[in-house]
Amino acid sequence: GAVVSQHPSWVICKSGTSVKIECRSLDFQATTMFWYRQFPKQSLMLMATSNEGSKATYEQGVEKDKFLINHASLTLSTLTVTSAHPEDSSFYICSATRASPLAYEQYFGPGTRLTVT
Amino acid sequence: AQTVTQSQPEMSVQEAETVTLSCTYDTSENNYYLFWYKQPPSRQMILVIRQEAYKQQNATENRFSVNFQKAAKSFSLKISDSQLGDTAMYFCAFGASGSRLTFGEGTQLTVNP
């Protein structure tokens, strides 16, 4: 149990366009979802935390108008990269927690590779 | 704020041998959790082992075990009988209230045949 999916797994978009990444908890209701960004050979950097029906909490330095997060249901969160530029090319990973058991544990999606040309 | 430090960017080990990955952390929290995650080339994050800070006994999961030294704020991972499939990036992570995680910089482990 506790499976998290992401879609798409890989997306290429042109500079200036927007792209949406979906994160779904498949077999549980997620209390909280997290969005991370990971550059090659680096660690995961938390971008934002979101709860269903609430505005996302963004980490310092993350542009909330550029990285739009919508958490419309207990099983779905979306990250939209608006007006994407080549420097936004990265690997984006979502994770989710559930109420029980082990409410502190995060379950990770497989990630989405974004390439902006 | 919490910090997590992994001082070994890269390590290698021969197949079937034992290797230990180091992790230290800094926090003022008393109740927290520590994790080791594995990220193979597929980049899927896989939980290797978890430790609750209130538990004195070191966690073990088959070939994986930890040495948790709470006073020293140290949390090392020992992999016994290393296998080729253990080749991956390993991240140490700290979690406290709110389930937010702080990750270390990672250690790239290569298991050689």
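Residues numbered from 1 in each chain as written. Chains lettered and ligands numbered in written order. Predicted model: local features only at pLDDT ≥ 70, side-chain atom pairs only at ≥ 80, totals over all residues. Heavy atoms only, no water.

## So, the overall build of chain B
Stage number 1. Per the secondary structure count, chain B includes zero helices and 12 strands.
Stage number 2. For chain B, the α and β elements follow one another from N to C terminus as β-β-β-β-β-β-β-β-β-β-β-β.
Stage number 3. Scaling as 2.2 N^0.38, a compact globule of 113 residues should have a C-alpha radius of gyration of about 13 Å, and chain B matches this with 13 Å.
Stage number 4. The contacts of chain B with a sequence gap of at least 6 include a subset with a gap of at least 24, amounting to 55%.
Stage number 5. For chain B, the accessible area works out to roughly 5,600 Å², and carbon and sulfur atoms hold 44% of it.
Stage number 6. Of the side chains in chain B, 9 bear a positive and 10 a negative charge, and the two mean positions are spaced by 7 Å. (Helix = DSSP H or I, 4+ residues; strand = E, 2+ residues; numbered from the N terminus. Rg over C-alpha atoms; globule rule 2.2 N^0.38 Å. Contact = heavy atoms within 4.5 Å. Areas by Shrake-Rupley, 256 points an atom, 1.4 Å probe, with all protein chains shown as cover. Lys, Arg positive; Asp, Glu negative; His and termini not counted. Charge placed at Lys NZ, Arg CZ, Asp CG, Glu CD.)

## Regarding the sheet that holds strand β8 (residues 76–81) of chain A
Residue and element names in this part refer to chain A.
Stage number 1. One open sheet holds the four strands; their spatial order is β1-β3-β8-β7, and the pairing between them is antiparallel. Only two strands of the sheet have a single partner each, and these edge strands are β1 (4–7) and β7 (67–73). Taking each pair of neighbouring strands and ignoring which way they run, the sheet shows an average axis angle of 15°.
Stage number 2. Note that β1 and strand β3 (residues 19–25) share four bridges and pair antiparallel. Residue H7 lies in a different strand from β3, and its bridge partner there is E22. (Pairing = 2+ DSSP bridges. Axes fitted to C-alpha atoms, helices over the stretch in contact; angles between N-to-C directions.)

## Thoughts on the interface of chain B and chain A
Stage number 1. Each partner contributes residues to the interface: chain B has 19 residues there, and chain A has 22 residues.
Stage number 2. Contact between chain B and chain A buries roughly 1,700 Å² in total, counting both sides, with carbon and sulfur atoms accounting for 55%.
Stage number 3. Every element with two or more residues in the side of chain B that touches chain A is listed here: β5 (33–39), β6 (46–52), β10 (88–95) and β11 (101–103) of chain B.
Stage number 4. If one sorts the elements of the side of chain B that touches chain A by residue count, β5(B) sits on top with four residues. (Buried area = accessible area lost by both parts, 1.4 Å probe.)

## A closer look at unusual backbone geometry
Stage number 1. Residue A:P8 is reached from A:H7 by a cis peptide bond, and omega for that bond is 0°.
Stage number 2. Tracing the backbone shows A:P8 in the loop between β1 and β2 (10–13).
Stage number 3. The phi dihedral of A:S83 falls on the positive side, at around 45°, and the residue is not glycine.
Stage number 4. Of note, A:S83 is situated in the loop between β8 and β9 (90–98).
Stage number 5. The backbone of B:K73 sits at a positive phi, close to 55°, despite the residue not being glycine.
Stage number 6. Within the element layout of this structure, B:K73 appears in the loop between β8 (64–69) and β9 (74–79).

## Points about the packing of aromatic side chains
Stage number 1. The final tally for this structure, using the stated rule, is 14 aromatic pairs over all chains.
Stage number 2. Seen from their ring centres, A:Y36 and A:F108 are 5.8 Å apart, and the 40° between their planes marks the pair as tilted. With A:Y36 in strand β4 (residues 30–38) and A:F108 in strand β10 (residues 107–108), the pair connects residues that are 72 residues apart, well separated along the chain. As far as the burial class goes, A:Y36 and A:F108 line up, both buried.
Stage number 3. Each member of the aromatic cluster is reached from another via a ring pair, and the members are A:Y36, A:F108, B:F35, B:Y37, B:F91 and B:F103.
Stage number 4. Sitting over the ring of A:F28, A:R98 keeps its end group 5.9 Å from the ring centre.
Stage number 5. Lying over the aromatic face of A:F91, B:R43 brings its terminal NZ or CZ to 4.1 Å of the ring centre. (Phe/Tyr/Trp six-rings, centres within 6.5 Å; stacked < 30°, edge-to-face > 60°. Buried < 20%, exposed > 50% of the residue type's maximum accessible area, 1.4 Å probe, protein only. Lys NZ or Arg CZ within 6 Å of the ring centre and 35° of its normal.)

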